[in-house]
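Examination of the molecular architecture
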Amino acid sequence: MSRVNTVTVALTGASGLPYGLRLIEALLQAGVRVWVLYSQAAQIVAKQEMNLTLPSRPAETRDWLLRRFNADPDLLQVYGREEWFAPPASGSNPPDAMVVCPCSMGTLAAIAHGMSDNLIERAADVCIKEQRKLVLVPRETPLSAIHLENMLKLARLGVSILPPSPGFYTHPETVDDMVDFVVARILDQLGVDNALMPRWGASQEE
Ligand SMILES: Cc1cc2nc3c(=O)[nH]c(=O)nc-3n(C[C@H](O)[C@H](O)[C@H](O)COP(=O)(O)O)c2cc1C
């Protein structure tokens, strides 16, 4: 049984869009309601690294996601960058949790400083102030002191910093295996049951 009913998933312009899309798919499959947000840079990265065209209009992106994942329309909403009347913009109707995946260093910095300049930053700010689960999947390498200080500040506020660092001890054979490793850890943070990866020590229990 999932501990969350509604999760906001924000896609930003860091490399790693396959993680975000697989997360949306897994949440929908688990029957979790998903509110999707995406930045302009995420559209550029989607084209560059997956040859995907994420439409600029949220309604078209919603249709595209519903088709791609053959999902229940009742479970999916997509909101625009300045859709300030969308539920995740307010503390009166926040989701149970939010994941920024992948999370660019720019969005990470904006969240760490409470900028709230677009719906992604505002929704994250709402999660922090309302003490809802917020998971950031930051991607950059190497990390500068600025990045690390921003992450430390957020971690001290209770934000989960979950770098996409797949382990090799599960002997991944495909890129999809490595993506699933990271997505399984995000789902674990949200309390969403999943069997994407074998559990550590599970074979000894049998
Ligand atoms: C192909 C591509 C890959 C990028 N990869 C990263 C990355 O891994 N991490 C990062 O912080 N920024 C990355 N960037 C830069 C961000 O997209 C840029 O800083 C942007 O302003 C972030 O905006 P957003 O946070 O609103 O999505 C990349 C840009 C492109 C075009």
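Calculation criteria
Residues numbered from 1 in each chain as written. Predicted model: local features only at pLDDT ≥ 70, side-chain atom pairs only at ≥ 80, totals over all residues. Heavy atoms only, no water. Buried < 20%, exposed > 50% of the residue type's maximum accessible area, 1.4 Å probe, protein only. Helix = DSSP H or I, 4+ residues; strand = E, 2+ residues; numbered from the N terminus. Arc of directions from axis to C-beta. Contact = heavy atoms within 4.5 Å. Phe/Tyr/Trp six-rings, centres within 6.5 Å; stacked < 30°, edge-to-face > 60°. Pairing = 2+ DSSP bridges. Expected span 1.5 Å × (residues − 1). Near = heavy atom within 4 Å. Polar contact = N/O pair within 3.5 Å; in protein donor to acceptor, adjacent residues only side chain to side chain. Areas by Shrake-Rupley, 256 points an atom, 1.4 Å probe, with all protein chains shown as cover. Nonpolar A, V, L, I, M, F, W, Y, C, P; charged D, E, K, R; others polar. Axes fitted to C-alpha atoms, helices over the stretch in contact; angles between N-to-C directions. Parallel < 35°, antiparallel > 145°, perpendicular 65-115°, else oblique. Left-handed = near helix turned anticlockwise from the far one by under 90°.

1. Comments concerning helix H2 (residues 40-50)
- Along H2, the positions that sit buried rather than exposed are Ala42, Gln43, Val45 and Ala46. The buried residues of H2 occupy one face: seen down the axis, they fall within an arc of 165 degrees. Those residues of H2 that are exposed and aimed more than 90 degrees away from the buried face are Gln40, Ile44 and Gln48.
- Those residues of H2 hidden inside the fold are in contact with strand E1 (6-11), helix H1 (17-29) and strand E2 (33-38).
- Asn51 lies just past H2 and shows a positive phi near 55 degrees.

2. Focus on the packing of aromatic side chains
- Applying the stated criterion to the full structure yields 3 aromatic pairs.
- Measuring from ring centre to ring centre gives 6.3 Å for Trp35 and Tyr79, while their planes differ by 75 degrees; the resulting arrangement is edge-to-face. Here Tyr79 lies in strand E3 (residues 76-79) and Trp35 lies in strand E2, a separation of 44 residues in the sequence. The pair formed by Trp35 and Tyr79 is uniform in burial state, with each residue classed as buried.
- Judged by centre distance (5.2 Å) and plane angle (85 degrees), the ring pair of Tyr169 and Trp200 falls under edge-to-face. On the criterion of sequence distance, the pair formed by Tyr169 in the loop between strand E6 (160-161) and helix H7 (175-190) and Trp200 in the loop between H7 and helix H8 (202-205) is long-range, its members being 31 residues apart.
- Taken together, Tyr169, Phe181 and Trp200 form an aromatic cluster joined through their ring pairs.

3. Re the sheet that holds E1
- An order of E3-E2-E1-E4-E5-E6 is seen for the 6 strands of this open sheet, with the pairing classed as parallel. Where the open sheet ends on each side, the last strands, each with one partner, are E3 and E6.

4. Observations regarding H7
- End to end, H7 covers 23 Å across 16 residues, agreeing with the expected 22 Å (1.5 Å per residue, within 8%).
- Buried positions along H7 lie against E1, H1, strand E4 (97-103) and strand E5 (133-138).
- Once H7 ends, the next one or two residues include Gly191, with phi positive near 75 degrees.

5. Some details on the site of the ligand
- Lining the immediate environment of the ligand, one finds 14 residues, of which Gly13, Ser39, Ser104, Thr107 and Arg139 sit closest.
- Thr107 places a polar side-chain atom, nitrogen or oxygen, 2.5 Å from an oxygen atom of the ligand.
- Separating a nitrogen atom of the ligand from a backbone N or O atom of Arg139 is a distance of 2.7 Å.
- When isolated, the ligand has an accessible area of 640 Å², and the protein chains bury 63% of it.
- Mapped by element, the contributors of at least two residues to the shell around the ligand are H2 and helix H4 (105-112).
- Across the shell around the ligand, the residue classes break down as 5 nonpolar, 7 polar and 2 charged.

6. Things to note about the packing of H4 against helix H6 (residues 145-156)
- Where H4 contacts H6, the axes come no closer than 9 Å and their chain directions differ by 45 degrees. Classified by the angle between their axes, H4 and H6 sit oblique to one another. Seen from above, H4 lies across H6 with left-handed handedness. Only His147, Asn150, Met151, Lys153 and Leu154 of H6 make contact with H4, whose side of the interface consists of Met105, Leu108, Ala109, Ile111 and Ala112.

7. Remarks on the packing of H1 against H7
- Two numbers describe how H1 lies on H7: the axes approach to 9 Å, and their chain directions differ by 55 degrees. With respect to each other, H1 and H7 are oriented oblique. Regarding H1 and H7, the two cross each other, and that crossing is right-handed. Here Pro18, Tyr19, Arg22, Leu23, Ala26 and Leu27 of H1 lie close against H7, whose contacting residues are Met178, Val179, Asp180, Val182, Val183, Ile186, Leu187 and Leu190.

8. Brief notes about the environment of Leu143
- On the secondary structure map, Leu143 appears in the loop between E5 and H6.
- For the pair Leu143 and Met105, spaced 38 residues apart in sequence, the C-alpha to C-alpha distance is 9.3 Å.
- When residues no more than four places from it in sequence are discounted, the contact partners of Leu143 are Met105, Leu148 and Met151.

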